[in-house]
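Letter by letter, the chains look like this.
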Amino acid sequence: MKVLVVVVILCVAVASAKEIWEGKKYKLYDSVKFDDYMRKLGVNFFLIQIGNLVSPTVELRKLPNDRYELITESTFQNTDITFKLGEEFDEETVDGRKVKTVMTLEGNTLTQKQGGTPPSTIIREFGDREMVCKLSVYDVVATRKYRLT
């Protein structure tokens, strides 16, 4: 009888376990070198100015069939990317670049590798109260911090 109770408790704990980011939204509150990052990508002056003014909200959702959705909302533009981990997909970035992207998730770290010229990498580390995003292209690394809304 004791073994059965332990197995039931363990099954309930595993079934109810959520990722740290599930059901949470994070809003930008700090940004360092983001304009340098955008400039290195070849983003035009107008979009760089807008990119530095908006404070987007980011949410990562787990969908059925091993799919995920990354939602970014701002007063300028909203984006919604649906993907399967490890599978390449076509992405059109906010600045209009068309790239081949692969997303991976290790623990609470979502890595987004964007092909194209130039290639770039975006690493999002989700925490209980904060998400830290590091964006890199060539020798430029920008850091953007988001807090739980």
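Because the structure is a prediction, the values reported are computed rather than measured.

**Q** Could you clarify how one ought to interpret helix 3 (residues 45–53) in this entry?
**A** At 3.6 residues per turn, the α-helix brings residues three or four places apart onto the same side. Within helix 3 the residues assigned to the buried category are L47, I48, I50 and G51. For helix 3, the angular spread of the buried residues around the axis is 165 degrees, confining them to a single face. Summarising the geometry of helix 3, the exposed residues directed more than 90 degrees from the buried face are F45, F46 and L53. Looking at the packing, one finds that the buried side of helix 3 touches helix 2 (34–41) and strand 10 (140–148). For helix 3, the side-chain oxygen to backbone nitrogen distance between the N-cap and F46 is 3.1 Å, and the N-cap itself is N44.

**Q** Would you mind going over helix 2 with me for this structure?
**A** All buried positions along helix 2 are accounted for by F34, Y37, M38 and L41. The arc that holds every buried residue of helix 2, seen down its axis, measures 95 degrees, which confines them to one face. Contacts from the buried residues of helix 2 go to strand 1 (26–32), helix 3, strand 7 (109–114), strand 8 (120–126), strand 9 (130–137) and strand 10. Immediately downstream of helix 2, the backbone of G42 shows phi near 90 degrees, a positive value.

**Q** Which parts of the structure should I look at to understand the packing of helix 2 against helix 3?
**A** Between two packed helices, what matters for the description is the angle formed by their axes and the separation of those axes. Where helix 2 contacts helix 3, the axes come no closer than 10 Å and their chain directions differ by 150 degrees. When the interaxial angle is binned, helix 2 and helix 3 end up roughly antiparallel. Like other packed secondary-structure pairs, helix 2 and helix 3 cross with a definite hand, here right-handed. For the pair helix 2 and helix 3, the contacting residues are F34, D35, M38 and R39 in the first and L47, I48, G51 and N52 in the second. For the contact of helix 2 with helix 3, a count of residues per class yields four nonpolar, two polar and two charged.

**Q** What is the right way to look at unusual backbone geometry in this model?
**A** A negative phi holds for most residues other than glycine; trans holds for most peptide bonds. Put simply, T117 and P118 share a cis peptide bond, and its omega is -5 degrees. Relative to the assigned elements, P118 resides in the loop between strand 7 and strand 8. Even without a glycine there, the phi angle at K33 is positive, about 65 degrees. Relative to the assigned elements, K33 resides in the loop between strand 1 and helix 2. Notably, D66 is not glycine yet its phi reads approximately 60 degrees, a positive angle. Summarising the element assignment, D66 is placed in the loop between strand 2 (57–63) and strand 3 (67–73). When its relative accessible area of 62% is taken as the criterion, D66 is described as exposed.

**Q** Just checking my understanding: could you explain a nonpolar patch on the surface for this structure?
**A** A cluster of nonpolar side chains, namely F46, F76 and V94, defines an oily patch on the protein surface of about 300 Å² accessible area. Looking at the element boundaries, F76 is found in the loop between strand 3 and strand 4 (79–84).

The rules behind the values
Residues numbered from 1 in each chain as written. Predicted model: local features only at pLDDT ≥ 70, side-chain atom pairs only at ≥ 80, totals over all residues. Heavy atoms only, no water. Buried < 20%, exposed > 50% of the residue type's maximum accessible area, 1.4 Å probe, protein only. Helix = DSSP H or I, 4+ residues; strand = E, 2+ residues; numbered from the N terminus. Arc of directions from axis to C-beta. Contact = heavy atoms within 4.5 Å. Polar contact = N/O pair within 3.5 Å; in protein donor to acceptor, adjacent residues only side chain to side chain. Axes fitted to C-alpha atoms, helices over the stretch in contact; angles between N-to-C directions. Parallel < 35°, antiparallel > 145°, perpendicular 65-115°, else oblique. Left-handed = near helix turned anticlockwise from the far one by under 90°. Nonpolar A, V, L, I, M, F, W, Y, C, P; charged D, E, K, R; others polar. Patch = residues over 30% accessible without salt bridge, like charges linked within 9 Å, V, L, I, M, F, W, Y side chains within 5 Å. Areas by Shrake-Rupley, 256 points an atom, 1.4 Å probe, with all protein chains shown as cover. Salt bridge = Lys/Arg side-chain N within 4 Å of Asp/Glu carboxyl O.

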